[in-house]
Amino acid sequence: MEVLKILDKPDAIDWEYDEEADVLYLSVGTPKPAVGVDIGEGVVVRYDEVNNEVVGLTVLGLRERVIKEIAESSD
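Being a predicted model, the structure only gives us computed values, none of them experimental.

Turning our attention to the pairing of strand β4 (residues 43–48). Across the six residues that make up β4, a large majority, five, are buried. Hairpin remark: strand β3 (residues 35–40) followed by β4, antiparallel, with two residues in the connecting loop; positive phi at E41, about 55°. Summarising the sheet, β4 and strand β5 (residues 53–60) pair through six bridges and their orientation is antiparallel. Directly across from R46, in β5, lies its bridge partner G56. Where β4 hands over to β5, the hairpin turn is made up of four residues, of which N52 adopts a positive phi near 55°.

Right, let's talk about the environment of S27 for a bit. Relative to the helices and strands, S27 is located in strand β2 (residues 23–28). The buried category is assigned to S27, whose relative accessible area is 5%. When the C-alpha positions of S27 and W15 are compared, they lie 6.1 Å apart, and in sequence the two are 12 residues distant. Contacts of S27, omitting those with residues within four sequence positions, involve A12, I13, D14, R46, V55 and G56.

Moving on: unusual backbone geometry. Of note, E41 is a non-glycine position whose phi angle comes to about 55°, a positive value. With respect to the helices, strands and loops of the structure, E41 is situated in the loop between β3 and β4. Phi is positive for N52, which is not a glycine, with a value near 55°. Here N52 shows up in the loop between β4 and β5.

Another point: the side chain of D48. Position of D48 relative to the elements: it lies in strand β4. In terms of polar contacts, D48 uses its side chain to reach the side chain of N51, at 2.9 Å. Apart from the residues within four sequence positions on either side, D48 is in contact with K32, A34, E53 and V55.

Moving on, we get to the confidence of the model for the chain. Per-residue confidence for the chain gives a mean pLDDT of 88; residues scoring 70 or more make up 89%. When pLDDT is averaged over each element of the chain, β3 comes out on top at 95 and helix α1 (residues 62–73) at the bottom at 91.

Strand order in this open sheet of five strands is β1-β2-β5-β4-β3, and the pairing throughout is antiparallel. If you trace the sheet from one side to the other, it starts and ends with β1 (13–18) and β3, each paired once. Each strand axis lies, on average, 20° off the axis of its neighbour in the sheet, ignoring direction. Sitting on the sheet, α1 is in contact with β1, β2, β4 and β5, with an inclination near 65° to β5.

Definitions and cut-offs
- Residues numbered from 1 in each chain as written.
- Predicted model: local features only at pLDDT ≥ 70, side-chain atom pairs only at ≥ 80, totals over all residues.
- Heavy atoms only, no water.
- Buried < 20%, exposed > 50% of the residue type's maximum accessible area, 1.4 Å probe, protein only.
- Helix = DSSP H or I, 4+ residues; strand = E, 2+ residues; numbered from the N terminus.
- Pairing = 2+ DSSP bridges.
- Contact = heavy atoms within 4.5 Å.
- Polar contact = N/O pair within 3.5 Å; in protein donor to acceptor, adjacent residues only side chain to side chain.
- pLDDT = per-residue confidence, 0-100.
- Axes fitted to C-alpha atoms, helices over the stretch in contact; angles between N-to-C directions.

Here it is in structure tokens:
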């Protein structure tokens, strides 16, 4: 089985936040087509099947998570 490359130190991380949908998209370098794998708890890992490497992450419900964590830490 070929090893999946998680991340070499990237030159750049590109990101976009969709406020209406409350979704954060992180890409290693320029966003490119990839396969998404839901790893649970609203996180999707995106990877390039050709190069067998992780090329991004999608985080669902980011605002909600941050607000919840802040509220819990202040209790």
